[in-house]
Amino acid sequence: MSGFEKPGIDPLIEREEEKEGIEKLKSFVEILTEPYRAEGIPVDKSGRIDMRNGAYKAIYPDVEQDFQRTREGGTDSAALLEKKLHTDGEKLEMLAYAVFTKNLSGKFIVMRSAPYDDKKHNVDTLIFDRETGNLVCAFDEVGDTTGDAYEKKKNLVQKRNVDDGGAELKYALRLDEKDGKKTAVPGAADHIPLFYIALPKDRIEKGIREFAKGQEQSEFEKRLFKYFIATLGAQIQGLELYRKRLDPALRQKLVAFKKIVNDLDQRYEKE
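Residues numbered from 1 in each chain as written. Predicted model: local features only at pLDDT ≥ 70, side-chain atom pairs only at ≥ 80, totals over all residues. Heavy atoms only, no water.

### Quick look at the side chain of glutamine 235
At step 1: Here glutamine 235 lies in helix α9 (residues 219-240).
At step 2: A distance of 2.9 Å separates the side chain of glutamine 235 from the backbone oxygen of tyrosine 196, its partner in a polar contact.
At step 3: Beyond its immediate sequence surroundings of up to four residues, glutamine 235 is in contact with Phe195 and Tyr196. (Helix = DSSP H or I, 4+ residues; strand = E, 2+ residues; numbered from the N terminus. Polar contact = N/O pair within 3.5 Å; in protein donor to acceptor, adjacent residues only side chain to side chain. Contact = heavy atoms within 4.5 Å.)

### Notes on the pairing of strand β5 (residues 181-192)
At step 1: Inspection of the sheet shows strand β4 (residues 167-178) paired to β5 by nine bridges, in the antiparallel sense. Bridge pairing links alanine 167 to isoleucine 192 in β5. (Pairing = 2+ DSSP bridges.)

### Here we look at the environment of leucine 135
At step 1: With respect to the helices and strands, leucine 135 occurs in strand β3 (residues 135-142).
At step 2: For the pair formed by leucine 135 and alanine 172, sequence separation is 37 residues and the distance between their alpha carbons is 8.3 Å.
At step 3: Sequence-distant contacts of leucine 135, defined by excluding residues within four places in its chain, comprise Met111, Leu126, Ile127, Phe128, Leu169, Ala172, Ala189, Ile192, Pro193 and Lys253.

### Considering empty space enclosed by the protein
In this approach the atoms are scanned with a rolling probe the size of a water molecule, which exposes any empty space left behind.
At step 1: Enumeration according to the criterion identifies one cavity of 30 Å³ or more in this entry.
At step 2: Approximately 40 Å³ is the volume found for the largest cavity.
At step 3: Phe100, Leu104, Ile127, Ile229, Leu232, Phe257, Ile260 and Leu264 are the residues that line the largest cavity.
At step 4: Of all the secondary structure elements, the ones that give two or more residues to the lining of the largest cavity are α5 (88-104), α9 and α10 (248-270).
At step 5: If one sorts the elements of the lining of the largest cavity by residue count, α10 sits on top with three residues.
At step 6: Looking at side-chain class alone, the lining of the largest cavity contains eight nonpolar, no polar and no charged residues. (1 Å grid on protein atoms, 1.4 Å probe; cavity = no way out; pocket = protein on both sides within 12 Å on 5 of 7 lines; lining within 4 Å. Points joined across faces, edges and corners; volume = space filled by probe spheres on them. Nonpolar A, V, L, I, M, F, W, Y, C, P; charged D, E, K, R; others polar.)

### Notes on the pattern of salt bridges
At step 1: Per the counting criterion, the structure on display carries 23 salt bridges.
At step 2: Two residues, lysine 57 and glutamate 64, come together in a salt bridge whose shortest N-O distance is 3.6 Å.
At step 3: Classification of lysine 57 by relative accessible area gives partly exposed; the value is 42%.
At step 4: Through salt bridges that share partners, Arg48, Glu90, Glu93, Arg112 and Asp118 make up one connected network. (Salt bridge = Lys/Arg side-chain N within 4 Å of Asp/Glu carboxyl O. Buried < 20%, exposed > 50% of the residue type's maximum accessible area, 1.4 Å probe, protein only.)

### What to know about the packing of aromatic side chains
At step 1: Enumeration according to the criterion identifies 10 aromatic pairs in this entry.
At step 2: Pairing tyrosine 116 with tyrosine 171 gives two aromatic rings, centres 5.7 Å apart and planes at 75°, and the pair type is edge-to-face. Of this pair, tyrosine 116 sits in helix α6 (residues 115-121) while tyrosine 171 is found in strand β4, placing the two residues 55 residues apart along the sequence.
At step 3: Aromatic pair phenylalanine 195 and phenylalanine 257: ring centres 5.3 Å apart, planes at 40°, arrangement tilted. Highlighted residues: phenylalanine 195 in strand β6 (residues 194-198) and phenylalanine 257 in helix α10, separated in sequence by 62 residues.
At step 4: The buried category is assigned to phenylalanine 195, whose relative accessible area is 0%.
At step 5: Residue phenylalanine 257 is classed as buried on the basis of its relative accessible area, which comes to 3%.
At step 6: Taken together through their ring pairs, the aromatic side chains of Phe100, Phe139, Phe225, Tyr227 and Phe228 make up a single cluster.
At step 7: Over the face of the ring belonging to phenylalanine 28 we find lysine 102, whose NZ or CZ atom lies 5.0 Å from the ring centre.
At step 8: Seen from the ring of tyrosine 116, lysine 170 lies directly overhead, with NZ or CZ sitting 5.4 Å from the centre. (Phe/Tyr/Trp six-rings, centres within 6.5 Å; stacked < 30°, edge-to-face > 60°. Lys NZ or Arg CZ within 6 Å of the ring centre and 35° of its normal.)

### A few points about the environment of lysine 226
At step 1: Topologically, lysine 226 is positioned in helix α9.
At step 2: Judged by its relative accessible area of 38%, lysine 226 falls in the partly exposed class.
At step 3: For the pair formed by lysine 226 and leucine 264, sequence separation is 38 residues and the distance between their alpha carbons is 8.6 Å.

### Here's the deal with the sheet that holds strand β2 (residues 125-129)
At step 1: With mixed pairing, the four strands of this open sheet are ordered in space as β1-β2-β3-β6. Both outer strands of the open sheet, β1 (108-112) and β6, are each paired with one neighbouring strand and no more. On average, each strand axis in the sheet is tilted by 25° relative to the strand beside it, whichever way the strands run.
At step 2: Here five bridges tie β3 to β6, and the two strands are oriented parallel to one another. The residue bridging aspartate 140 from the neighbouring strand is tyrosine 196, located in β6.
At step 3: Running over the sheet, helix α7 (residues 147-162) touches β3 and β6 and is turned about 165° from β6. (Axes fitted to C-alpha atoms, helices over the stretch in contact; angles between N-to-C directions.)

Okay, structure coming up:
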């Protein structure tokens, strides 16, 4: 019996359940992004920032060159995209995106990064505050909680925050205010606090199998979000040990995100 099989559970049935879960997750994400696109937020059906959106082309003349640099193997074939969908990293990215959006929609816009920033800046998920216009944080997901890959990711994220001033993005959002109305529009962003989201393979698979359609959440989804918030809180505390070394702009955003995390943590304590 391999390490991925569980006693008493037919692995064929388990794989079929996971396949159904992935399709359910894909469908939910597509529905989830419809309101964003309706208000002009440049995201595609997978929740990714659409770097080829006309609004980005208006400010970046090299959008097509950036896009071509991100094409894996020179193709965007459906087969390639389907293959990527079944990697642990992509599954975790989709799962985390959906869980965060269920819990943060309204005051925040949750997006997956543009392919260019995913590859060049190693950022997977972004949270944008509609009120302040800050990209309050960015996530880099990793499908491990132990081992070399996890330690490498953890150390790299810390270095980028402490030594490099946080994450930067070419394809992001900024706040535009006219006649008292605030609108999220395309723009670059920098000095963004970066965090890692780590989850073991078997918990990724369980999260996908137990993902609930619509805005309701399964008990496992609720536990997942609580776990994500707890790990983010611990990472914030770790960064505060280096407070004097942090870039002032990053430090300000970190304070804002700490308040968000604390408020969410208190909300869950009351439930």
